[in-house]
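Here is what each chain is made of, one letter per residue.
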Amino acid sequence: MESRTKKMIPSEGTNGFEDRLSDLPDHLIVHILSFMPTLDAVRTMLLRRFGNLWTLVPTLSFDLEEYDEVIWPDKEDKPVDEVFSSFARFIRNVLMLHKRPTIDRFRLFISSFTDPKLKDDVQMWLRFAIDRQVKDLNFFLECDDLVLPHCIFMSQSLARLTLFGSIIEHQPRFHMGSLRELLLGDAVGSGQVYNQLILGYPSLQKLDISITNLVLPHCIFMSQSLIKLTLYECMLEHQPHVHMGTLRELSLVNVEGSGQVYNQLILGCPSLQELNIHIINFSHVLNITSPSSFLVDAIGVSSLQVVNVKGLPYYSLPSVEAFLRQIRNVEVVTMSVDAFEVLCSGTEIEFPQTRWKRLVLRSSQYDNRRVQVILGLVKSSVKLEELIIYNHFSSDEIAYGGLESSTTGTYLMTLLKKVTIHGCGGFSKAQLQLVEIVLQNAVLLEQLVITGMNQLKSVDELNFVEQVSKFRRASAKATVIFD
């Protein structure tokens, strides 16, 4: 009781409040410092209680741009070489004074530099991280001729490795038995090197490759450890055999390859649960003579449950229709603004009957055509239980047009239980009629949530709420929530 009373007594020089932070044990203060940028953590040495505790932090993060903004916030014309030289001195001093024997995470982000003498410094910093048995190494550097030290690819402590903008040379051996995640972006290396690289990671579970025009090595498609694979602007060629029995999540972003190759890849993943697709140029993946061959018939991949569509091209609507048919049996579908706008581009699309249970749509605005498409998707989704709509528009883009009378008919929604409309942002007749149709046709509706009402003027908000409250509701349990 006495000690508790003592803590409540104001301390001198603290504006009547005790400095509780100073009472924390050293290991908790070190833990707090580990979440701060290294530059800020080092600055705490000016505080008596903190002293040199920063030298024990398990994470080191060096970002040239952040350093520049903090050290020279008002000097826009500071010479680049001078900035980097100062940054390099700071890193050298930190590494020289750092006392912790191991490091959990080491991050080095350098946009670019011109002094060739400093390449030795960069390689030395990377070797420092490996010597300290780093578990997570994140390295970004815009330099055309910096070769990564071989010790990185022989580390037995690394669990996560991220490399952007560096050179990977052929090595006598690659072996990282603990590596679980590998992210490669704009890294330079031959196909043989990448093949050797990936084969050297027997426990790899997550692979992310973002290298333009890289022909993917065959070993990827025979992996029995990968759980998540992300490919960005790579080249997908026909493989003699594809079998990735452990893969759960596949992301394809503008990957060049024929529709047949896409089908081969997805069908070779019998445990696939989530597919993320973002395609702008269909000429890369489409057999024009047979649009229905695009991607895969999801009936053949019974495990597939989630499809996120982030981009579809405007000029191949028959293939878009075929794509919708191919994913008709999944449970969750999400469409970005770009993908949804394809469905609203003016040409009538025949929506197949689906078994979707959750549908997430991101729309640019509410108008007659977009609401028609939303209703068309809902009507064809006979198993739909939840509908989420995000509205992305600015206040000067609000559409005030209402629905045509032909669109306000019966849309029986037998299983729909929850509808969320995000980003009201303004009053539109089309939006109001969408709410009305949902309330009048969703017989099991439990909750209709409308967010963004704080962006409305008070008069419009009251008018909107008043009109919604007058709508007939097919479900006695339906409640409307305004946020």
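Nothing here was measured: the structure is a model prediction, and the numbers come from that model. Residue numbers here run from 1 along each chain, matching the order of that chain's written sequence. Totals for whole chains, interfaces and linings use every residue, but because this is a predicted model, local features are given only for residues with pLDDT of at least 70 and side-chain atom pairs only at 80 or more, for both listing and counting. Hydrogens are left out, water is left out, and the side-chain values use all remaining heavy atoms of the structure.

Colleague: Requested: an account of the packing of helix α11 (residues 368-380) against helix α12 (residues 429-441), with residues and values cited.
Modeller: At a minimum axis separation of 9 Å, α11 and α12 run at an interaxial angle of 20°. With respect to α12, the element α11 is oriented roughly parallel. Seen along the crossing, α11 lies across α12 with a hand that is right-handed. Residue-level inspection shows N368, V371, I374 and L375 of α11 in contact with α12, the latter providing A430, L434 and I437. Residue classes follow a fixed rule: Ala, Val, Leu, Ile, Met, Phe, Trp, Tyr, Cys and Pro count as nonpolar, while Asp, Glu, Lys and Arg count as charged, and any other residue, Gly among them, counts as polar. For the contact of α11 with α12, a count of residues per class yields 6 nonpolar, 1 polar and no charged. Axes, fitted as lines to C-alpha atoms, cover a helix only where it is in contact. Angles between the N-to-C directions of the axes lie from 0 to 180 degrees. Where helices and strands are cited, they refer to DSSP runs of H or I of at least four residues and of E of at least two residues respectively, numbered from the N terminus. Roughly parallel means an angle under 35 degrees; roughly antiparallel, over 145; roughly perpendicular, 65 to 115; everything else is oblique. Crossings are assigned a handedness: left-handed for a near helix turned anticlockwise from the far helix by less than a right angle, right-handed for a clockwise turn. Two residues qualify as a contact provided that any one of their heavy atoms is within 4.5 Å of a heavy atom in the partner residue.

Colleague: Break down the side chain of T354 for me, with residues and values.
Modeller: Inspection of the secondary structure assignment puts T354 in the loop between α10 (337-343) and β12 (358-363). Three labels apply to residues, based on accessible area from a 1.4 Å probe with only protein chains included: buried if under 20% of the type maximum, exposed if over 50%, partly exposed otherwise in between. On the basis of relative accessibility, which here comes to 2%, the residue T354 falls in the buried class. Throughout this description, a polar contact denotes any pair of N or O atoms lying within 3.5 Å of each other; where both atoms belong to protein, one of them has to be capable of donating a hydrogen while the other can accept it, and for residues adjacent in sequence the pair is counted only when both atoms sit in side chains. A polar contact is formed between the side chain of T354 and the side chain of S381, at a distance of 3.1 Å. The contacts of T354, once residues within four sequence positions are left out, are R328, S380, S381, V382 and K383.

Colleague: Kindly report on a negative patch on the surface, identifying the contributing residues and their values.
Modeller: Exposure above 30% relative accessible area and no salt bridge define the residues that can form patches, which grow by joining like charges within 9 Å and nonpolar side chains of Val, Leu, Ile, Met, Phe, Trp and Tyr within 5 Å. Here the accessible surface of atoms and residues is derived via Shrake-Rupley with a 1.4 Å probe, and residues count as covered only by protein chains that are part of the display. Definition used for salt bridges: Asp or Glu carboxyl oxygen within 4 Å of a side-chain nitrogen of Lys or Arg. When charges are counted, Lys and Arg are positive and Asp and Glu negative, with His and the chain ends excluded. In this description, the location of a charge corresponds to atom NZ of lysine, CZ of arginine, CG of aspartate or CD of glutamate. Residues D40, E65, E66, E69, E142 and D186 make up a contiguous surface patch of negative charge. Sorting elements by how many residues they give to the negative patch places helix α4 (residues 64-71) first, with 3 residues. Relative to the assigned elements, E142 resides in the loop between β3 (136-141) and β4 (160-164). E142 sits in the partly exposed class, given a relative accessible area of 49%.

Colleague: Hey, could you go over the pairing of strand β8 (residues 249-253) for me, with residue numbers and the actual values?
Modeller: Working note: regular strand, side chains alternate between the two faces of the sheet. Of all the 5 residues making up β8, 5 are buried; the element is thus mostly covered by neighbouring parts of the structure. Both faces of β8 are covered, namely the face carrying E249, S251 and V253 and the face carrying L250 and L252. Should DSSP find at least two bridges between two strands, the strands are regarded as paired. Relative to β8, strand β7 (residues 228-232) runs parallel, the two being bridged by 5 bridges. Within β8, the position partnered with Y232 by the bridge is V253. As paired elements, β8 and strand β9 (residues 274-278) share 5 bridges and run parallel to each other. Within β9, the position partnered with S251 by the bridge is N276.

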